[in-house]
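Take a look at the letters that make up each chain.
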Amino acid sequence: QTVRAWLKGFDDPEAHAPLLFWTGQAWLGRVGLQKDEPAVVSELFVGYEIMKRAVELDETYMDGSGHVILGAYHARSRMAELDESKKHFERAIQISEGKALLAKFQFATRYYCAKVDKDNYVRLLQEVLDAGDVLPRARLTNAIAKRRAKRHMREERMELCGFE
């Protein structure tokens, strides 16, 4: 509650959304890197709240990437909030008109993997692989998404999701 109240002071979408987005991403990334450290993991909610506020201020920033991050957060385990995850991934794809390919990649590898839904997993990864140069300003991140999608189409990666 204290963090949420403090974040309400950030109310300028143009000035504060980018600041909060990058701070939240760094905070969540730190937790991801130190997931074996209970003290660090216990602060996961701070990064989540920061990113949530960034999305409240400007959900379109970086082609909806805040929604991708929140979608991945909500799909962090099979017991997580998968309905909430799906909403965020779908919104990110809608914002970028499906052109920010990391959204589709994360949707497949986080949500559909957790749901053990091989058909949609493969469908989304194939969409990533088949996409051309659909968003020139996101050329690097789209290339990364394509490279990752290719790796995640391998049988050993799919087995990690429990696909048969």
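Residues numbered from 1 in each chain as written. Predicted model: local features only at pLDDT ≥ 70, side-chain atom pairs only at ≥ 80, totals over all residues. Heavy atoms only, no water.

What follows deals with the packing of helix 2 (residues 13-33) against helix 5 (residues 65-74). Axis separation between helix 2 and helix 5 bottoms out at 11 Å; the angle between their running directions is 25°. In terms of orientation, helix 2 lies roughly parallel with respect to helix 5. For the pair helix 2 and helix 5, the sense of crossing is left-handed. Contacts between helix 2 and helix 5 involve Phe-21, Gln-25 and Leu-28 on the former and, on the latter, Ser-65, Gly-66 and Ile-69. (Axes fitted to C-alpha atoms, helices over the stretch in contact; angles between N-to-C directions. Helix = DSSP H or I, 4+ residues; strand = E, 2+ residues; numbered from the N terminus. Parallel < 35°, antiparallel > 145°, perpendicular 65-115°, else oblique. Left-handed = near helix turned anticlockwise from the far one by under 90°. Contact = heavy atoms within 4.5 Å.)

For the coordinates displayed, the defined rule picks out one cavity of 30 Å³ or more. Considering only enclosed or pocket space, the largest cavity measures out at about 30 Å³ in volume. If you go around the largest cavity, the residues you meet are Phe-21, Ala-54, Val-55, Asp-58, Glu-59, Tyr-61 and Gly-66. Its residues assigned to classes, the lining of the largest cavity comprises four nonpolar, one polar and two charged. (1 Å grid on protein atoms, 1.4 Å probe; cavity = no way out; pocket = protein on both sides within 12 Å on 5 of 7 lines; lining within 4 Å. Points joined across faces, edges and corners; volume = space filled by probe spheres on them. Nonpolar A, V, L, I, M, F, W, Y, C, P; charged D, E, K, R; others polar.)

At Met-62, a position not held by glycine, the phi torsion is positive, near 55°. Structurally, Met-62 is set in the loop between helix 4 (44-57) and helix 5. For Met-62, a relative accessible area of 39% gives the class partly exposed. Of note, Val-116 is a non-glycine position whose phi angle comes to about 55°, a positive value. By the secondary structure assignment, Val-116 is in the loop between helix 7 (101-114) and helix 8 (118-130). (Buried < 20%, exposed > 50% of the residue type's maximum accessible area, 1.4 Å probe, protein only.)

On to the nonpolar core. If you look at the biggest cluster of nonpolar residues, it comprises 26 residues, and the most contacted ones within it are Phe-89, Phe-107, Tyr-111, Tyr-112, Tyr-121 and Leu-125. Among the elements of the structure, helix 5, helix 6 (82-95), helix 7, helix 8 and helix 9 (139-152) are those that each provide at least two residues to this core. Not counting chain neighbours up to four residues away, the residues in contact with Tyr-121 comprise Ala-108, Thr-109, Tyr-112, Cys-113, His-152, Arg-157, Met-158, Cys-161 and Phe-163. Among the nonpolar cores identified, the runner-up in size contains 19 residues, and Leu-7, Leu-20, Val-31 and Met-51 belong to it. (Core = buried A, V, L, I, M, F, W, Y, C linked by side-chain atoms within 4.5 Å.)

Its location among the elements puts Asp-119 in helix 8. Along the chain, Asp-119 and Phe-163 lie 44 residues apart, while their C-alpha atoms are 9.6 Å from each other.

A few words on helix 7. The first and last C-alpha atoms of helix 7 sit 19 Å apart over 14 residues, in line with the 20 Å expected at 1.5 Å per residue. If you look at helix 7, its biggest bend is around 30°, right at Phe-107. For helix 7, a buried count of 12 out of 14 residues is recorded, marking the element as mostly surrounded by other parts of the structure. Regarding helix 7, the residues found buried are Leu-101, Ala-103, Lys-104, Phe-105, Gln-106, Phe-107, Ala-108, Thr-109, Tyr-111, Tyr-112, Cys-113 and Ala-114. (Expected span 1.5 Å × (residues − 1). Bend = angle between axes of the 7 residues up to and from the residue.)

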